[in-house]
Amino acid sequence: MNWNIRGRLGLMMFLEYFIWGGWYVTFTTWLSQTLHFSGTQSGVAAGATAIGAMVSPFFVGLVADRFFATQRLLAVLHGLGGVVLYLASRQTEFTGLYSLVLLYCLFYMPTMALTNSLAFRQMRDPQTEFGPIRVLGTLGWIVAGLLIGTLRIESTAMPMRIAAGCSILMGLYCLTLPDTPPMSRTSKVTLASIFPIEAVKLLGERSMAVFAIASFLICIPLQFYYAFTNPFLNEIGVVNAAGKMSGGQMSELFCMLLIPWFFRRLGVKYMLVAGMSAWTLRYLLFAYGNPGSRVWMLWAGILLHGICYDFFFVTGQIYIDRKASKALRAAAQGLITFLTYGAGMFVGSWISGAVVQHYASSATTHDWPAIWLVPAIGAAVILVLFLVTFSERKKGLVAEAELAPQTAP
């Protein structure tokens, strides 16, 4: 793959995740502090991405892989998504705003799989070429956070409008990407073509079943972080909260480099345990930190994102890749994504919103220590259950030369 293609794909990834990081991190801050939505409403609105994640595998499998060139479909989805996101930014009532945000997420969430698919199709050796390109997506998320935090527009609709403009720009840019025609025009469209029964049968093995259940459950406390960290930091008086939160993505990049070293020493089980332990510790740090003498606890909680995400989710991706046969790897990854970023975060959005609402004394005042203790206890219980039920005796699950995990925000 020549450097021209590398650069074009890298810019594609940068814009893809700049868009998401541009509006999502501060979304609930705007909802709660400016529009005065309840915690339940804010949590449900933030969970619209989970519905998009559940629909995405079906859309990509039934439509994108069979009928349209990927770059053209990306252009349409981002173009329409930009318009819808801008319209959502002008809403002040929950029903209208939620409807438009949900529609936007149905446009946006499939584009993450489509950008990956387009990139893979241009590569000769995805294992070595994809990582350096995909990491620019995380850089896009970081830049978005630094920009919005520096401009001090976290509690306004401007982040959504910036993301909307970038989405329209991305739609135009996608028309310049290499032609990537559909690969399965003649194949029959069935549900089994998305989640083959053989991939589902992988859950019949105890270790895979325990991993799948734990992945679903851990995404429930996970949604507390994604939906309510920025409102929390803003409410307690942390300046440039969005910029400081981008430190989590910076730590993610650093921890990615450590995965091969830790894998050789800890193995699959204890890498996953370390990831879940970090979630519990993070929420405890948030519960007892403050912007004064204990500000270090807030920073530590943010910087733990690298361990929280990489040690559990990236390790999990590698684990699935090694457990499933080559023909079933994509379907198995899609199934776990459905259970985690889809179903798990959807349930988490409702629970986190209800908890935040329960501990709200007003629209802009909350008992944050009590709120953060709920996901801390939840993550700890899931950790203990996983520790005593998961067993993986197979050797050689990881070959360092084969480690090419995806990063994500």
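## Section: the nonpolar core
And step 1. The biggest cluster of nonpolar side chains holds 123 residues, and the ones touching the most others in it are Met-12, Trp-20, Trp-23, Phe-27 and Val-101.
And step 2. Considering each element in turn, this core owes the most residues, 17 residues, to helix 11 (residues 241–288).
And step 3. Excluding its chain neighbours within four sequence positions, the residues that come into contact with Met-12 are Thr-115, Leu-118, Ala-119, Met-170, Tyr-173 and Leu-177.

## Things to note about the confidence of the model for the chain
And step 1. Summary statistics for the chain give a mean pLDDT of 87 and a share of 88% for residues scoring 70 or more.
And step 2. Here helix 9 (residues 197–201) stands out as the element of the chain with the lowest mean pLDDT, 71, in contrast to helix 8 (residues 158–174), whose mean of 97 is the highest.

## Some words on the side chain of Glu-16
And step 1. Along the chain, the position of Glu-16 falls in helix 1 (residues 3–24).
And step 2. Among buried Asp, Glu, Lys and Arg side chains, Glu-16 stands out as unpaired, with Arg-134 the closest opposite charge at 8.7 Å.
And step 3. Within the structure, the side chain of Glu-16 is placed 2.6 Å from the side chain of Thr-111, a separation counted as a polar contact.
And step 4. When neighbours within four sequence positions are excluded, Glu-16 is seen to be in contact with His-78, Tyr-108, Thr-111, Met-112, Thr-115 and Met-170.

## Digging into the environment of Ala-46
And step 1. Tracing the backbone through its elements, the reader meets Ala-46 in helix 3 (residues 39–46).
And step 2. Among the residues examined, Ala-46 registers a relative accessible area of 1% and is labelled buried.
And step 3. Counting along the chain gives 19 residues from Ala-46 to Phe-27, while the straight-line C-alpha distance between them is 7.5 Å.
And step 4. Discounting residues that sit within four places of it in the chain, Ala-46 has contacts with Tyr-24, Phe-27, Thr-28, Gln-223 and Ala-227.

## Let's talk about the packing of helix 11 against helix 12 (residues 295–303)
And step 1. For the pair helix 11 and helix 12, interaxial distance at closest approach is 6 Å and the crossing angle is 140°. One way to sum up the angle between helix 11 and helix 12 is to call them oblique. Contacts from Lys-244, Met-245, Gly-247, Gly-248, Ser-251, Arg-282, Leu-285, Phe-286 and Tyr-288 in helix 11 reach Trp-296, Met-297, Leu-298, Trp-299, Ala-300, Gly-301, Ile-302 and Leu-303 in helix 12.
And step 2. Looking at the contact of helix 11 with helix 12, its residues break down into 11 nonpolar, four polar and two charged.

Basis of the calculations
- Residues numbered from 1 in each chain as written.
- Predicted model: local features only at pLDDT ≥ 70, side-chain atom pairs only at ≥ 80, totals over all residues.
- Heavy atoms only, no water.
- Core = buried A, V, L, I, M, F, W, Y, C linked by side-chain atoms within 4.5 Å.
- Buried < 20%, exposed > 50% of the residue type's maximum accessible area, 1.4 Å probe, protein only.
- Helix = DSSP H or I, 4+ residues; strand = E, 2+ residues; numbered from the N terminus.
- Contact = heavy atoms within 4.5 Å.
- pLDDT = per-residue confidence, 0-100.
- Lys, Arg positive; Asp, Glu negative; His and termini not counted.
- Salt bridge = Lys/Arg side-chain N within 4 Å of Asp/Glu carboxyl O.
- Polar contact = N/O pair within 3.5 Å; in protein donor to acceptor, adjacent residues only side chain to side chain.
- Axes fitted to C-alpha atoms, helices over the stretch in contact; angles between N-to-C directions.
- Parallel < 35°, antiparallel > 145°, perpendicular 65-115°, else oblique.
- Nonpolar A, V, L, I, M, F, W, Y, C, P; charged D, E, K, R; others polar.

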